[in-house]
Amino acid sequence: MEKPPKDIAREEAEDEEEDLSFEELGLDPRLIRALIKKGIEKPTPIQRVAVPLILEGKDVVARAKTGSGKTFAYLLPLLQKLFTDNGSKNKLAPSAFILVPTRELCQQVFTEVSSLIELCRVQLKVVQLTSSMPVSDLRAALAGPPDILVSTPACIPKCLSAGLLLSASIDASLEILVLDEADLLLSYGYEDDIKTFTAHIPRRCQCLLMSATSSGDVEKLKKLVLHNPFILTLPEVGNIKDEIIPKNVQQFWISCGSRDKLLHILALLKLELVQKKVLIFTNTIDMGYRSKLFLEKFGVKSAVLNSELPQNSRLHILEEFNAGLFDYLIATDDSETKQKEEVNGESNAETRKSRKHAKQKLDSEFGVVRGIDFKNVHTVINFEMPPSVAGYVHRIGRTGRAYSTGASISLVSPDEMEIFEEIKAFLGDDENKDSDLITPFSLLSKNAVESLRYRAEDVAKSVTKVAVRESRAQDLRNEILNSEKLKAHFEVNPRDLDLLKHDKVLSKKPPAPHLRDVPDYLLDPKTQEARKFVKLARAAMGNTKSARHGGSKKKFKRSGDPLKTFSAEAPERSRNGGAKREDKGGDDRQKPKKKKYV
Ligand SMILES: Nc1ncnc2c1ncn2[C@@H]1O[C@H](COP(=O)(O)OP(=O)(O)OP(=O)(O)O)[C@@H](O)[C@H]1O
């Protein structure tokens, strides 16, 4: 009789202070050396728990918050097992399949595996496949065969039906299957693809399922693919809900009418009240371009990222942003398509098909939120609220990755209050408690906003629907050209990032000089002080230059942060009785008060 699934989360979380090293987890010295070269010295909690279990050959379901290092938690033991996999020479199919929901994730995981293999100097071959690849490319990629296959699930049935993967070969070769971002795989419409594939998974194959949030879909997948898994649920301490968002991310919100959102984003960026780099989320592609055009008029350059852009451009935009070539990225996540699905009530599989055929322009395998490892993003701004709690969790999770800190600011209009309340309730915010998880953003005063209102409203009027439409079409044309150039260029120079810039100005006219600079007389003393504090905090974080010149990998210590004591609220309104608090370290470091801004 099969043993029941084990939930070892609590015990392990309690054992956290054990602080095991990678050596003590039984990791191969080559992998440890590779990690050190990447600046990674000690395992994260999920890695401490998952690595030994996976090395032992156990099936594992791992649920840990965003940015907690789930990718290495499965990649390290997976590679180690393949280092010692003697039978691989006679194999007719890959030994490991890693299935992810989007192309962007495919690329990210592929890059991560390739770099580990290179650093370890082992003879393993990894390929990435996506369902839009022609059969000839798929055949070439699978020739060999490779040891590791990274793919979206839709690709597998295509390879099976084209005879590029044979059932008998999979049965003889497949040792490890990973379903990454498992909570998303079904909602992206891959259920049928996964079902088709499960029929071919040999019983001995070790199955791993990784996810940041739990859902009915994860349960369904678990039943479909896993046998007797170890269930790892890893909030670090305390209540699971409280810990879904990493505690190193401070969450803020600003109440404003939907017509005032552009004004507010202008105030936040132009008055330098937020730390760079900044990732801004909109719910529609048009709103992404509208925001870009609007900000441009004030001399604030940004790039946009959405499902309409060609794949090469998208990957390049991500790469450039991660390398610090620009500071502001306006991303439209998958909520636009998801909302349409919900409205239409279509089944996932139907939706994906219809999205593919009817709306060729939008890529059904696009995803910039889930799982993408944005580097050094300090602030995430929800220009518009995501339509779901999970969307919020994943968006906010793009900052505060691993051991770094971050902040999020949500602009909430009255018609978004319902979802905002839902998010707060889900995260465990309780009106009766004195410890809101999402607190008002106190650095932006009403005066500061009002001082920019006239200019902002004037400029917003000039960003008409026609201007947005034209810019969107122009950007698409540019990016299609870019994409072709990128493809050719990167075949020869895979690491060259400077070739094409993605934050080019789309407006025909340059910004007017009087809009480019905010004159001092428009800044009230409180805003001037707030600005100074943000600058000081940046300096404390070693983040004075653009991320390109060093990227500030330094860990930011809360205890050394001058902003911890700052509030733009008048002292008498502060909850703690007014005067600036002194950082006493100790307890404070463990439990940062939410009214502080990092
Ligand atoms: N042990 C570690 N120490 C420091 N940094 C780490 C460690 N492990 C992973 N990282 C880094 O942390 C970042 C986040 O890791 P990863 O993308 O695996 O998170 P995740 O848990 O998969 O997040 P998400 O749920 O958003 O996909 C990456 O930049 C990774 O290189």
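Residues numbered from 1 in each chain as written. Predicted model: local features only at pLDDT ≥ 70, side-chain atom pairs only at ≥ 80, totals over all residues. Heavy atoms only, no water.

So, about the overall build of the chain. Along the backbone of the chain there are 23 helices and 15 strands. For the chain, contacts bridging at least 24 residues in sequence account for 80% of all contacts bridging at least 6. Accessible area for the chain stands at about 26300 Å²; split by element, carbon and sulfur atoms hold 51% of it. (Helix = DSSP H or I, 4+ residues; strand = E, 2+ residues; numbered from the N terminus. Contact = heavy atoms within 4.5 Å. Areas by Shrake-Rupley, 256 points an atom, 1.4 Å probe, with all protein chains shown as cover.)

This part covers the environment of Ala 96. Locating Ala 96 in the fold gives a position in strand 3 (residues 96-99). Put simply, Ala 96 and Leu 78 are 18 residues apart on the chain and 7.9 Å apart in space, counted from C-alpha to C-alpha. When neighbours within four sequence positions are excluded, Ala 96 is seen to be in contact with Leu 78, Leu 82, Asp 147, Ile 148, Leu 149, Leu 174 and Ile 176.

Turning to the site of the ligand, a few remarks are in order. Taken together, 22 residues lie near the ligand, and Gly 67, Lys 70, Thr 71, Glu 181 and Asp 373 sit nearest. At 2.7 Å from an oxygen atom of the ligand is found a side-chain nitrogen or oxygen belonging to Lys 70. For the ligand, an oxygen atom lies 3.1 Å from a polar atom in the side chain of Lys 375. Within the complex, 91% of the 640 Å² of free accessible area of the ligand lies under protein. Across the shell around the ligand, the residue classes tally to six nonpolar, eight polar and eight charged. (Near = heavy atom within 4 Å. Polar contact = N/O pair within 3.5 Å; in protein donor to acceptor, adjacent residues only side chain to side chain. Nonpolar A, V, L, I, M, F, W, Y, C, P; charged D, E, K, R; others polar.)

Okay, the confidence of the model for the chain next. Mean pLDDT for the chain: 76, with 72% of residues reaching 70 or above. pLDDT under 50 marks residues 1-14. Its contacts with residues more than four places away, or in other chains, come to 26 contacts. Of the regions scoring below 50 in pLDDT, residues 335-362 engages in 43 contacts with residues more than four places distant in sequence or in other chains. This prediction of the complex comes with two scores: 0.69 for pTM and 0.98 for ipTM. (pLDDT = per-residue confidence, 0-100.)

Here the focus is the state of the cysteines. Scanning all chains against the criterion turns up zero disulfides. In this model Cys 205 remains outside any disulfide bridge; the closest cysteine sulfur is found in Cys 207, 4.4 Å from its own. (Disulfide = S-S within 2.5 Å.)

Turning our eyes to something else, we now look at the packing of helix 10 (residues 191-198) against helix 11 (residues 216-225). Where helix 10 contacts helix 11, the axes come no closer than 10 Å and their chain directions differ by 20 degrees. Overall, the two elements helix 10 and helix 11 adopt an arrangement that is roughly parallel. Crossing handedness for the pair helix 10 and helix 11: right-handed. Of helix 11, the residues touching helix 10 (which contributes Glu 191, Ile 194, Lys 195 and Thr 198) are Lys 220, Leu 221, Leu 224 and Val 225. Here the residues of the contact of helix 10 with helix 11 sort into four nonpolar, one polar and three charged. (Axes fitted to C-alpha atoms, helices over the stretch in contact; angles between N-to-C directions. Parallel < 35°, antiparallel > 145°, perpendicular 65-115°, else oblique. Left-handed = near helix turned anticlockwise from the far one by under 90°.)

In any sheet, the strands associate via hydrogen bonds between backbone groups, in a parallel or an antiparallel arrangement. The strand order 11-12-10-13-14-9-15 describes an open sheet built from seven strands, whose pairing is parallel. Two strands close off the open sheet at either side, each with one partner strand: strand 11 (303-305) and strand 15 (438-440). The average undirected angle you get between the axes of adjacent strands in this sheet is 25 degrees. Along the sheet face, helix 14 (residues 311-323) touches strand 10 (278-282), strand 11 and strand 12 (328-332) and points at about 130 degrees away from the line of strand 11. Packing against the sheet, helix 18 (residues 417-427) makes contact with strand 9 (249-255), strand 14 (406-412) and strand 15, and its axis sits at approximately 130 degrees to strand 15. (Pairing = 2+ DSSP bridges.)

All right, on to the packing of helix 3 (residues 45-55) against helix 4 (residues 70-83) then. Viewed as axis vectors pointing N to C, helix 3 and helix 4 meet at an angle of 25 degrees, and their least axial separation amounts to 9 Å. Classed by the angle they form, the pair helix 3 and helix 4 counts as roughly parallel. The element helix 3 and its partner helix 4 pack so that their crossing is right-handed. Taken together, the residues of helix 4 that come into contact with helix 3 (itself represented by Ile 46, Gln 47, Ala 50, Val 51, Ile 54 and Leu 55) are Lys 70, Phe 72, Ala 73, Tyr 74, Pro 77, Gln 80 and Lys 81. Considered class by class, the residues forming the contact of helix 3 with helix 4 number nine nonpolar, two polar and two charged.

The step from Gly 144 to Pro 145 runs through a cis peptide bond, and the omega angle for that step is -15 degrees. With respect to the helices and strands, Pro 145 occurs in the loop between helix 6 (135-142) and strand 5 (148-151). With a phi angle near 50 degrees, Glu 181 is a residue other than glycine that sits in the positive phi range. Following the sequence through the fold, Glu 181 ends up in the loop between strand 6 (176-179) and helix 9 (182-185). One non-glycine residue, Glu 272, lies in the positive phi region at around 55 degrees. When you line up the elements, Glu 272 lands in the loop between helix 12 (261-270) and strand 10.

Below, the discussion takes up the side chain of Ser 211. Positionally, Ser 211 belongs in strand 7 (residues 206-211). Among all residues touching Ser 211, those that are not within four sequence positions of it are Ala 62, Arg 63, Ala 64, Lys 70, Ala 182, Asp 183 and Val 218.

With that out of the way, let us pick up the environment of Ala 390. Mapped onto the secondary structure, Ala 390 falls in helix 17 (residues 389-396). Ala 390 gets classed as partly exposed once you look at its relative accessible area, which sits at 30%. Taking C-alpha positions, Ala 390 is 9.7 Å from Asp 183, a pair spaced 207 residues apart along the chain. (Buried < 20%, exposed > 50% of the residue type's maximum accessible area, 1.4 Å probe, protein only.)

Here we take up the pattern of salt bridges. All told, the structure shown has 16 salt bridges when counted by the stated rule. Its salt-bridge partner being Lys 276, residue Asp 327 comes within 4.0 Å of it at the nearest N-O pair. Linking Asp 327 in the loop between helix 14 and strand 12 with Lys 276 in the loop between helix 12 and strand 10, this pair joins segments that are 51 residues apart in sequence. As a salt-bridge pair, Lys 292 and Glu 296 come within 3.4 Å of each other at their nearest N and O atoms. Of this pair, Lys 292 and Glu 296 both sit in helix 13 (residues 285-296), four residues apart, roughly one helical turn. Here Glu 296 falls in the buried class, since its relative accessible area comes to 3%. Through salt bridges that share partners, Asp 260, Glu 450, Arg 453 and Glu 457 make up one connected network. (Salt bridge = Lys/Arg side-chain N within 4 Å of Asp/Glu carboxyl O.)

Below, the discussion takes up the environment of Leu 262. On the secondary structure map, Leu 262 appears in helix 12. With relative accessibility at 7%, the residue Leu 262 sits in the buried group. With 29 residues separating them along the chain, Leu 262 and Ser 291 place their C-alpha atoms 6.8 Å apart. With residues up to four places along the chain from it excluded, the contact list for Leu 262 reads Arg 290, Ser 291, Phe 294, Phe 383 and Ala 460.

This brings us to the packing of aromatic side chains. Under the defined criterion, the tally for this structure stands at six aromatic pairs. Between Phe 97 and Phe 197 the ring centres are 5.2 Å apart and the planes differ by 5 degrees, which places this aromatic pair in the stacked class. In this pair, Phe 97 sits in strand 3 while Phe 197 sits in helix 10, placing the two residues 100 residues apart along the sequence. Taking relative accessible area as the criterion, Phe 97 reaches 0% and is therefore assigned buried. Since its relative accessible area comes to 3%, Phe 197 is described here as buried. (Phe/Tyr/Trp six-rings, centres within 6.5 Å; stacked < 30°, edge-to-face > 60°.)

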